[in-house]
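Residues per chain are reported as follows:
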Amino acid sequence: MQEEVSLQRPFDSRLTRRLLRLVLPWWPWVLVALACLLVNSVLQILSPLLTKIAIDRYLAPAPQSTLPWLEQRLPSEPIAGIAGVSLLYFGILAAGLRNERAPRDVAVHAVESAGAHAAHELSRYLTLLGSIGSVAPLLG
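Residues numbered from 1 in each chain as written. Predicted model: local features only at pLDDT ≥ 70, side-chain atom pairs only at ≥ 80, totals over all residues. Heavy atoms only, no water.

1. Here's the deal with the overall build of the protein
Rules: Numbered from the N terminus, helices here are DSSP runs of H or I no shorter than four residues, and strands are runs of E no shorter than two. Type-normalised accessible area, obtained with a 1.4 Å probe on protein chains alone, sets the label of each residue: buried when under 20%, exposed when over 50%, and partly exposed for intermediate values. Any two residues whose heavy atoms approach within 4.5 Å at even a single point are treated as in contact. With residues, only the protein chains shown are counted as cover, and all accessible areas are computed by Shrake-Rupley using a 1.4 Å probe.
Summing up its helical and strand segments, the protein has six helices and zero strands in all. Per-residue burial over the protein gives 21% buried out of 140 residues. Taking as baseline every contact in the protein between residues at least 6 positions apart, the subset at least 24 positions apart corresponds to 47%. If you sum the accessible surface of the protein, you get close to 11000 Å²; carbon and sulfur atoms cover 66% of it.

2. Describing the nonpolar core
Filter applied, for reference: Throughout this description, the term nonpolar core refers to a set of buried Ala, Val, Leu, Ile, Met, Phe, Trp, Tyr and Cys residues connected via side-chain atoms within 4.5 Å.
Counting residues in hydrophobic clusters, the biggest one holds eight residues: Leu50, Ile53, Ala54, Tyr58, Leu74, Val85, Leu88 and Ala118. Of all the elements in the fold, those that place two or more residues in this core are α2 (27–59) and α4 (78–98). With four residues, α2 is the largest single contributor of residues to this core. Leaving out residues up to four positions away in the same chain, valine 85 has contacts with Leu50, Ala54 and Leu74.

3. Re the layout of surface pockets
How we decide: We place a 1 Å grid over just the protein atoms. Points where a 1.4 Å probe fits but has no way out form a cavity, open points with protein on both sides within 12 Å along at least 5 of 7 lines form a pocket, and any residue with an atom within 4 Å of a point lines it. Grid points are joined across faces, edges and corners, and a volume is the space filled by probe spheres set on the points. All residues other than Ala, Val, Leu, Ile, Met, Phe, Trp, Tyr, Cys, Pro, Asp, Glu, Lys and Arg, Gly among them, are scored as polar; the first ten of these are nonpolar and the last four charged.
Its boundaries defined by the atoms lining it, the largest pocket holds a volume of some 390 Å³. Considering the residues around the largest pocket, the lining is formed by 14 residues, among which Asn40, Leu43, Ile92, Gly96 and Val111 are closest to the centre. Of all the elements in the fold, those that place two or more residues in the lining of the largest pocket are α2, α4 and α5 (104–124). A per-element tally of the lining of the largest pocket places α2 first, with six residues. Its residues assigned to classes, the lining of the largest pocket comprises nine nonpolar, four polar and one charged.

4. What to know about the confidence of the model for the protein
Which entries qualify depends on this criterion: The score called pLDDT rates the predictor's confidence residue by residue, from a low of 0 to a high of 100.
Of all residues in the protein, 76% attain a pLDDT of 70 or more, and the chain-wide mean is 75. Mean pLDDT values over the elements of the protein span from 64, in helix α6 (residues 126–139), up to 88, in helix α1 (residues 13–23).

5. Side note on the packing of α2 against α4
The cut-off we apply is this: Only C-alpha atoms enter the line fits that serve as axes; for helices the fit covers just the stretch in contact. Angles between N-to-C directions range over 0 to 180 degrees. Convention used here: angles under 35 degrees read as roughly parallel, angles over 145 as roughly antiparallel, angles from 65 to 115 as roughly perpendicular, and any remaining angle as oblique.
The interhelical angle for the contact between α2 and α4, taken along N-to-C directions, is 170 degrees, at an axis separation of 10 Å. Between α2 and α4, the interaxial angle falls into the category roughly antiparallel. Of the residues in α4, those in contact with Leu43, Leu46, Ser47, Leu50, Ala54, Tyr58 and Leu59 of α2 are Pro78, Gly81, Ile82, Val85, Leu88, Tyr89 and Ile92. Residue composition of the contact of α2 with α4, grouped by class: twelve nonpolar, two polar and no charged.

6. Structural notes on a nonpolar patch on the surface
Rule in force here: Nonpolar side chains (Val, Leu, Ile, Met, Phe, Trp, Tyr) are joined into patches within 5 Å and like charges within 9 Å, using only residues with over 30% relative accessible area and no salt bridge. Any Lys or Arg side-chain nitrogen located within 4 Å of an Asp or Glu carboxyl oxygen qualifies as a salt bridge.
On the surface, Leu15, Leu19, Leu22, Val23, Trp26, Trp27, Trp29, Val30, Leu31, Val32, Leu34 and Leu37 cluster together to form a nonpolar patch covering roughly 1300 Å² of accessible area. Mapped onto the nonpolar patch, the elements with two or more residues apiece are α1 and α2. A total of seven residues in the nonpolar patch trace back to one element, the largest contributor, which is α2. Relative to the assigned elements, leucine 34 resides in helix α2.

7. Section: α2
Counting along an α-helix, one turn takes 3.6 residues, and residues three or four places apart therefore face a common direction. Definition in use: Every helix has an expected span of 1.5 Å times one less than the residues it contains. The angle separating two fitted axes, one through the seven residues that finish at a residue and one through the seven that start at it, defines the bend at that residue.
The end-to-end C-alpha separation of α2 is 47 Å, in line with the 48 Å expected for 33 residues at 1.5 Å each. At leucine 46, α2 shows its largest bend, some 30 degrees, and a proline, proline 48, comes one to four positions later. Turning to α2, its buried residues number three or more, namely Cys36, Val39, Leu50, Ile53, Ala54 and Tyr58.

This is how it looks when you write it as structure tokens:
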């Protein structure tokens, strides 16, 4: 059995200073890139989180709450709640697909603004979704 050899080097402050001098003229673009990375990370977490909320709240109710501020805005009826979560998810997905061939920063901005719009619409039409969920079982 061979032991793994560590290829780590100690921190090189001279190299770091040289790199910072090269990056300094481009600092606005570096900030934009970091913001895009942050938005990308949040959106990658959003899909499984919405699925978890749909399952834990409507399909197999769990006693604990994942995001109380979001779950308070969702209807308690399963059909209306799943519809609300689905609208959020597909609205954000549609924004990404609509800008599939656009530059990355345009696509990220479109998905980010679609997510913000979906959250606003969810709180705005919450009573309508609740009414639809209440009436749907009566319609057969």
